[in-house]
Amino acid sequence: MTTTIINGGTLTLSINAIDRSAQITSAVLSVEQTRNAYNLIGGTKAFKVVDNNVTLACEILQDWSSGTSDFMDALWTASATPDTGIAFVLTNNSQTFTGTLYPEYPAVGGAGNDVQTWSVTFQCAGVPTKA
């Protein structure tokens, strides 16, 4: 079997049904499992996953200048109800992951002549479905 090299150019990300790929320079979906170990009286161990912590880490270009439909403004508005999830779809090559993330207030500003960016890790509600 040949190896296929995939770069970030194959990623797309939609949040709340709006494609945000043009503003996102990096997106990494991670699932961290909490696995408990139990020592059984017979001398063996049993393992049980008791929780999953799912996050979506993004590097985002701030787009405050484009009005009320910009990504930063949408996140700022959504963060007023931080416990209300927002749907996302992350596509990597031909694999699609659909889930729900919780909004965060975006950063405002930057340094000198640098591009205004924002690094954020969104908490997700459970393990996304994979299609």
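Now for a quick tour of the structure. (Residues numbered from 1 in each chain as written. Predicted model: local features only at pLDDT ≥ 70, side-chain atom pairs only at ≥ 80, totals over all residues. Heavy atoms only, no water.)

Digging into the overall build of the protein
Tallying secondary structure elements over the protein gives one helix and eight strands in all. Going residue by residue from the N terminus, the α and β elements of the protein occur as β-β-β-β-α-β-β-β-β. For the protein, the C-alpha radius of gyration of 18 Å lies well beyond 14 Å, the compact-globule estimate for 131 residues. Considering only C-alpha atoms, the protein reaches an extent of 65 × 45 × 30 Å along its principal axes. Going through the 131 residues of the protein one by one, you find that 24% of them count as buried. (Helix = DSSP H or I, 4+ residues; strand = E, 2+ residues; numbered from the N terminus. Rg over C-alpha atoms; globule rule 2.2 N^0.38 Å. Buried < 20%, exposed > 50% of the residue type's maximum accessible area, 1.4 Å probe, protein only.)

A look at the pairing of strand β6 (residues 95-101)
Of the pairings in the sheet, the one linking strand β5 (residues 86-92) to β6 comprises seven bridges and is antiparallel in character. Paired with Leu-90 across the two strands is Phe-97, which belongs to β6. Here β5 folds back onto β6 in antiparallel fashion, the turn holding two residues, of which Asn-93 has a positive phi close to 60 degrees. As paired strands, β6 and strand β8 (residues 129-130) are joined by two bridges and run antiparallel to one another. Across the sheet, the residue bridging to Thr-98 is Thr-129, located in β8. (Pairing = 2+ DSSP bridges.)

Things to note about the nonpolar core
Note on soluble globular proteins: their nonpolar side chains tend to be buried together. One finds Leu-13, Leu-56, Cys-58, Ile-60, Phe-88, Leu-101 and Phe-122 to be the most contacted residues of the largest nonpolar core, which totals 20 residues. For this core, the secondary structure elements donating two or more residues are β1 (11-15), β3 (24-39), β4 (45-61), α1 (71-78), β5 and β7 (117-123). Apart from the residues within four sequence positions on either side, Ile-60 is in contact with Gln-23, Ile-24, Phe-71, Met-72, Gln-116, Thr-117, Trp-118, Val-120 and Phe-122. (Core = buried A, V, L, I, M, F, W, Y, C linked by side-chain atoms within 4.5 Å. Contact = heavy atoms within 4.5 Å.)

With respect to the sheet that holds β1
The strand order β2-β1-β5-β6-β8 describes an open sheet built from five strands, whose pairing is antiparallel. Across the chains shown, the open sheet's two edge strands, defined by having one partner strand only, are β2 (18-19) and β8.

What about the side chain of Thr-55?
Tracing the chain through its elements places Thr-55 in strand β4. Excluding residues that lie within four positions of it along the chain, Thr-55 makes contacts with Val-28, Leu-29, Ser-30, Thr-121, Phe-122, Gln-123 and Cys-124.

A look at the pairing of β5
As a general feature of sheets, a regular strand has side chains that alternate between the two faces. The pairing of β1 with β5 spans five bridges and is classified as antiparallel. Within β5, the residue paired with Thr-12 across the bridge is Thr-91.

Some words on a nonpolar patch on the surface
Together, Tyr-38, Leu-40 and Val-50 make up a nonpolar patch on the protein surface, roughly 270 Å² of accessible area in all. Tracing the backbone through its elements, the reader meets Leu-40 in the loop between β3 and β4. (Patch = residues over 30% accessible without salt bridge, like charges linked within 9 Å, V, L, I, M, F, W, Y side chains within 5 Å. Areas by Shrake-Rupley, 256 points an atom, 1.4 Å probe, with all protein chains shown as cover. Salt bridge = Lys/Arg side-chain N within 4 Å of Asp/Glu carboxyl O.)

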